[in-house]
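Secondary and tertiary structure notes
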Amino acid sequence: MKKKVSLKWKLARTFLLFTVFLLCLLWVFQIALLKPMYQSYKRKTIENISSGIIQQLNRSNINDVIYDYSVRNDLCIRLMNSNQDVIAGNVGCVLYRLSNQDILYQGELAQSNGGRYFYQSNQNANYQTMILTSVVSANNQQSVLLVSAVVNPVDPTIQTLRMQIGYITVIVIFVVLLLVIWLNHTIVRPLDLITSEAEHLARGYYNPTFSADDYIEADKLNQTLISAAKEIHKADQAKKDLLANVSHDLRTPLTMISGYGEMMIDLPGEKTDENIQVIIDESKRLTNLVNDLLDYSKLEEQKIELHQEKFDISQVLKDVAKKYEIYQLKEGYQFHLEIPEGIIVYGDSFRIQQVLNNFIINAINYSDKKKQIDISMTLEEDNNVRISVRDYGIGIEQSKLKDIWDRYYKVDKQHVRFSHGSGIGLAIAKQILELHQVAFGVTSQVDVGSTFYFIMKRCK
Ligand code: ADP
């Protein structure tokens, strides 16, 4: 496994490596390559100037051209043929000292070398001279063109640079060390603070006092951890509530089942259909509760896959509503259905039924005295259908509307009617609707009622 290093060392190492790299570059270019680069620059210059003059040889004012080139580039230039001998440049320059004989000799050398001959005096000498001789023809005459440059000695410059770079190296390393210390203080210290607070969080202290806000990223991390702490606290609390609820919800039907069972054994006269029905109902309640818990954990771990296909949602709504007729008969609930015929949608009909069941059971549970429940489907623009379950019951406070979709959340923890309630019905519905990627929501007003809805695309 790769060895992990702390951010402190990473920063220090990166900065030092970068500094060493920059200093090396400086050494290589300023010291090792200065001389060859300068010489090659000089050679290029005289080559370019030669070519420039050769192109203008036929001009009548070639003397001026040569003079101009020599002054502007600090060069010595000489052009010689049988009619003229133009020399321009510093009077002391080497070309003034060459006799006609010497020039002709240079011309011959160039001739035998393909028209050009480059000469450079001893490279180790203090002052060097470069001469480029070209044999050219102008106005039907053969001419010899010599362009010469003095290569100034760079050794003293290199000595000076070496000294300067030495100082620069020391100063830069010192500044980089200070920079690393400062960065450590401003970047690493806040992270260390946040880490130690996060460790507290891991040990179950949910009220961290994060305080590192030196820069935006640390502040963001801070805020994220604070909200994570709140969420973890909420989830932890909700889990505790769930455990209490589930144990309560499990104990109630279990007590009923065993109580009725024992009573029927002890008192043979109590073996009535009603008492058996109580045992059956309570067992169903248990099964529902356990199924919900299993479903939710599967949905949470994303182990549930949708089996989507086209189905008749009108029929599904009617079938689901029919199951609740028993509430009409036994407890006087009024179900108002407003369902257009033959609407086809694409989705997992089993899971959509689960959502509808949750909405309807909640409507029953929280209806209070106004026992009317409207189950409707309306056609909307863009081929959408809105499926709603409305009750006229206790309603939900606006501030709680967002939370009711959270797992284990109950608006009123003391609410006694738990025919189904584990606090995860809406969390399951939310997961299913999100998997279907459909819009859903709730509108509600306290003591007026609630409408839970989702919107699906209608298939053609
Ligand atoms: P529960 O099993 O407690 O009903 P749900 O997840 O189905 O759990 O609902 C979460 C909470 O949302 C409920 O405890 C209740 O406070 C609130 N709630 C859900 N549906 C309604 C409704 N139709 N009217 C009022 N409150 C509701």
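Everything here concerns the structure above.
Described in the following lines is the structure provided in the data block. (Residues numbered from 1 in each chain as written. Predicted model: local features only at pLDDT ≥ 70, side-chain atom pairs only at ≥ 80, totals over all residues. Heavy atoms only, no water.)

Right, let's talk about the overall build of the chain for a bit. Across its full length, the chain holds 12 helices and 12 strands. Relative to its length of 460 residues, the chain is extended, with a C-alpha radius of gyration of 47 Å against a globular reference of 23 Å. For the chain, the spread of C-alpha atoms along the three principal axes comes to 150 × 55 × 40 Å. Counting over 460 residues, the chain shows a buried share of 39%. Intrachain contacts of the chain at a sequence separation of at least 6 include 65% that bridge at least 24 residues. Counting only carbon and sulfur atoms, one obtains 56% of the accessible surface of the chain, whose full area is about 27700 Å². Side-chain charges in the chain split into 50 positive and 51 negative, and the spacing between the mean points of these groups amounts to 8 Å. (Helix = DSSP H or I, 4+ residues; strand = E, 2+ residues; numbered from the N terminus. Rg over C-alpha atoms; globule rule 2.2 N^0.38 Å. Buried < 20%, exposed > 50% of the residue type's maximum accessible area, 1.4 Å probe, protein only. Contact = heavy atoms within 4.5 Å. Areas by Shrake-Rupley, 256 points an atom, 1.4 Å probe, with all protein chains shown as cover. Lys, Arg positive; Asp, Glu negative; His and termini not counted. Charge placed at Lys NZ, Arg CZ, Asp CG, Glu CD.)

With that settled, consider the sheet that holds strand 11 (residues 439-445). Taking strand neighbours across the sheet as the criterion, the five strands line up as 7-9-10-12-11 in an open arrangement whose pairing is mixed. On the outer flanks of this sheet lie strand 7 (334-338) and strand 11, each paired with one strand and no other. Looking at each pair of strands side by side, their axes are set apart by 15 degrees on average, direction ignored. Note: strand 10 (residues 384-391) against strand 12 (residues 449-457), eight bridges, orientation antiparallel. Of the residues in strand 12, the one forming a bridge with S388 is Y453. Where helix 9 (residues 313-323) meets the sheet, its contacts fall on strand 7, strand 9 (372-380), strand 10 and strand 12, and the angle it forms with strand 9 comes to roughly 180 degrees. Along the sheet face, helix 11 (residues 349-365) touches strand 7, strand 9, strand 10 and strand 12 and points at about 170 degrees away from the line of strand 12. (Pairing = 2+ DSSP bridges. Axes fitted to C-alpha atoms, helices over the stretch in contact; angles between N-to-C directions.)

What follows is about a nonpolar patch on the surface. On the surface, F18, F21, L22, L25, W27, V28, F29, L33 and M37 cluster together to form a nonpolar patch covering roughly 810 Å² of accessible area. By residue number, the principal contributor to the nonpolar patch is helix 1 (residues 7-32), which donates seven residues. Along the polypeptide, F18 turns up in helix 1. (Patch = residues over 30% accessible without salt bridge, like charges linked within 9 Å, V, L, I, M, F, W, Y side chains within 5 Å. Salt bridge = Lys/Arg side-chain N within 4 Å of Asp/Glu carboxyl O.)

By size, the foremost hydrophobic cluster in this structure holds 46 residues, and its most contacted members are I313, F335, F359, I387, F454 and M456. Elements that contribute at least two residues to this core include exactly helix 8 (273-300), helix 9, helix 11, strand 9, strand 10, helix 12 (425-436) and strand 12. Per-element tally for this core: the top contributor is helix 11, with eight residues. Other than its neighbours up to four places away in sequence, I387 contacts I313, L317, L356, S376, M377, F452, Y453, F454 and M456. (Core = buried A, V, L, I, M, F, W, Y, C linked by side-chain atoms within 4.5 Å.)

Once that is clear, we can look at the sheet that holds strand 2 (residues 85-88). Pairing within the open sheet is antiparallel, and its five strands lie in the order 2-1-5-4-3. Edge positions in the sheet fall to strand 2 and strand 3 (116-120), since each of these pairs with one other strand and no more. Each strand of the sheet is rotated relative to its neighbour by a mean of 10 degrees, with strand direction disregarded. Relative to strand 5 (residues 141-151), strand 4 (residues 128-138) is paired through 11 bridges, and the arrangement is antiparallel. Opposite A138, over in strand 5, you have Q141 as the bridge partner. The sheet strands contacting helix 5 (residues 100-112) are strand 1 (76-80), strand 2, strand 3, strand 4 and strand 5, and the helix crosses strand 4 at an angle near 75 degrees.

As a further point, take the packing of helix 1 against helix 2 (residues 34-55). When two helices pack together, their arrangement is given by the angle between the helix axes and the distance between those axes. As a packed pair, helix 1 and helix 2 sit with axes 5 Å apart at the nearest point and diverge in direction by 55 degrees. With respect to their mutual orientation, helix 1 and helix 2 come out oblique. Here F29, Q30, I31 and A32 of helix 1 lie close against helix 2, whose contacting residues are L34, P36 and M37. In the contact of helix 1 with helix 2, the residues fall into six nonpolar, one polar and no charged. (Parallel < 35°, antiparallel > 145°, perpendicular 65-115°, else oblique. Nonpolar A, V, L, I, M, F, W, Y, C, P; charged D, E, K, R; others polar.)

Once that is clear, we can look at the environment of I396. For I396, the position within the fold is in the loop between strand 10 and helix 12. Judged by relative accessible area, I396 falls into the buried class, the value being 10%. Here the alpha-carbon distance between I396 and V446, two residues 50 residues apart in the chain, equals 5.2 Å.

The subject of this paragraph is the pairing of strand 1. Among the five residues in strand 1, five count as buried, and that is most of the element. Burial of strand 1 is two-sided: the residues C76, R78 and M80 facing one way and the residues I77 and L79 facing the other way are all buried. Note that strand 1 and strand 5 share five bridges and pair antiparallel. By the bridge assignment, R78 is partnered in strand 5 with L146. Across four bridges, the pairing between strand 1 and strand 2 is antiparallel. Within strand 2, the position partnered with I77 by the bridge is A88.

This part is about the packing of aromatic side chains. Evaluation of the coordinates by the stated rule reveals eight aromatic pairs. Seen from their ring centres, Y324 and F335 are 6.5 Å apart, and the 40 degrees between their planes marks the pair as tilted. With a gap of 11 residues between them, Y324 in the loop between helix 9 and helix 10 (325-331) and F335 in strand 7 connect regions that are remote in the sequence. With relative accessibility at 6%, the residue Y324 sits in the buried group. (Phe/Tyr/Trp six-rings, centres within 6.5 Å; stacked < 30°, edge-to-face > 60°.)

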